[in-house]
Amino acid sequence: MKTFRVAKLRNSTVHYYGRQGEIFLNGTLRLDNVSKNDTGEITAKLFDENGKHILQIKYHLIVTDPVSQPIIEYTCSQGQSEFHCSVESDNPLYSWSFNNKPLLGVGIFHNVENHKLSLRNSSGRVTCTVSNNVTQNKSETLDFSCTGEDSMQVTGSGWCIGIKFSAIVLICMIASAFHIYTRKQNKQNI
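## Quick notes on the state of the cysteines
So, step 1. Within this structure, the stated rule accounts for 2 disulfides.
So, step 2. Linked covalently through their sulfurs, Cys76 and Cys146 form a disulfide whose S-S length is 1.9 Å. Here the S-S torsion is close to 85°, and the disulfide linking Cys76 with Cys146 is therefore right-handed. Highlighted residues: Cys76 in strand β7 (residues 71-77) and Cys146 in strand β15 (residues 142-146), separated in sequence by 70 residues.
So, step 3. On the accessibility criterion, Cys76 (40% relative accessible area) is partly exposed.
So, step 4. You can call Cys146 buried: its relative accessible area is 1%.
So, step 5. Paired through a disulfide, Cys85 and Cys128 show a sulfur-sulfur distance of 2.0 Å.

## What to know about the nonpolar core
So, step 1. Grouped together as the largest cluster of nonpolar side chains are 15 residues, with contacts concentrated most on Phe83, Trp96, Leu103, Leu117, Leu119, Val126 and Phe144.
So, step 2. Broken down by element, this core gets its largest block of residues, 3 residues, from strand β13 (residues 122-131).
So, step 3. Non-local contacts of Leu119, meaning those with residues more than four positions away in its chain, are made with Gly79, Gln80, Ser81, Phe83, Phe98, Leu103, Phe109, His110, Val126 and Phe144.

## Some thoughts on unusual backbone geometry
So, step 1. Even without being glycine, Asn99 reaches a positive phi, approximately 50°.
So, step 2. Structurally, Asn99 can be placed in the loop between β9 (93-98) and β10 (101-103).
So, step 3. You will see that Asn114, though not glycine, has its phi angle at about 50°, which is positive.
So, step 4. Residue placement: Asn114 occurs in the loop between β11 (110-113) and β12 (116-120).
So, step 5. Asn114 sits in the exposed class, given a relative accessible area of 57%.

## Quick look at the confidence of the model for the protein chain
So, step 1. Taken as a whole, the protein chain shows an average pLDDT of 76; of its residues, 68% reach a score of 70 or greater.
So, step 2. Per-element averaging of pLDDT across the protein chain places strand β16 (residues 151-156) at the bottom with 29 and strand β14 (residues 136-138) at the top with 95.
So, step 3. Contacts from residues 150-170, a stretch scored under 50 in pLDDT, to residues over four places away or in other chains number 18 contacts.

## Digging into the sheet that holds β12
So, step 1. Strand order in this open sheet of 4 strands is β7-β8-β12-β11, and the pairing throughout is antiparallel. Single-partner strands in this sheet number two, and they are β7 and β11. For this sheet, the mean inter-axis angle between neighbouring strands, taken without regard to orientation, is 15°.
So, step 2. Two strands pair when backbone bridges link them, and β11 and β12 are joined in this way by 4 bridges, in the antiparallel orientation. Across the sheet, residue Val112 finds its bridge partner in β12, namely Leu117.

What counts, and where the lines are drawn
Residues numbered from 1 in each chain as written. Predicted model: local features only at pLDDT ≥ 70, side-chain atom pairs only at ≥ 80, totals over all residues. Heavy atoms only, no water. Disulfide = S-S within 2.5 Å. Helix = DSSP H or I, 4+ residues; strand = E, 2+ residues; numbered from the N terminus. Buried < 20%, exposed > 50% of the residue type's maximum accessible area, 1.4 Å probe, protein only. Core = buried A, V, L, I, M, F, W, Y, C linked by side-chain atoms within 4.5 Å. Contact = heavy atoms within 4.5 Å. pLDDT = per-residue confidence, 0-100. Pairing = 2+ DSSP bridges. Axes fitted to C-alpha atoms, helices over the stretch in contact; angles between N-to-C directions.

This is the structure:
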């Protein structure tokens, strides 16, 4: 454990020992320019005017870095959007918003897991907000579109049928070929 003196308060006069900080008359101690190396136990000792030790209080100081600006990474595949929020922070807490509305847990079209967000067949604006016990920071808003236009959902009477775009094209090609064939047959019969 390292020990350093910050200041001495005697008869309403403060004497500082080189460390940047301030002691207020109500006993508040403010330390400036702290770093993670300063994390640890702080002992405040109080002496009377004769120098007799009358009180000792121990505190545990935890220095936490502020949250850096989060960065969103984004992928889209077959209508499934995956977002990853990365940040430099101790004990980060993540929250997501979609089109300026908060997203929580699991919904019909979304799933939130801390630094990950999944959306299905969506387009809009996504923001990641990260906080710790000291600060909060927000990512830049990401405009995206991932609607999975290669598939179509047809719903009716309790049935849900997924039809791929290529199957629709194939059906249209067969219908067109049949139409052309029947027109040629009708012209030959005339």
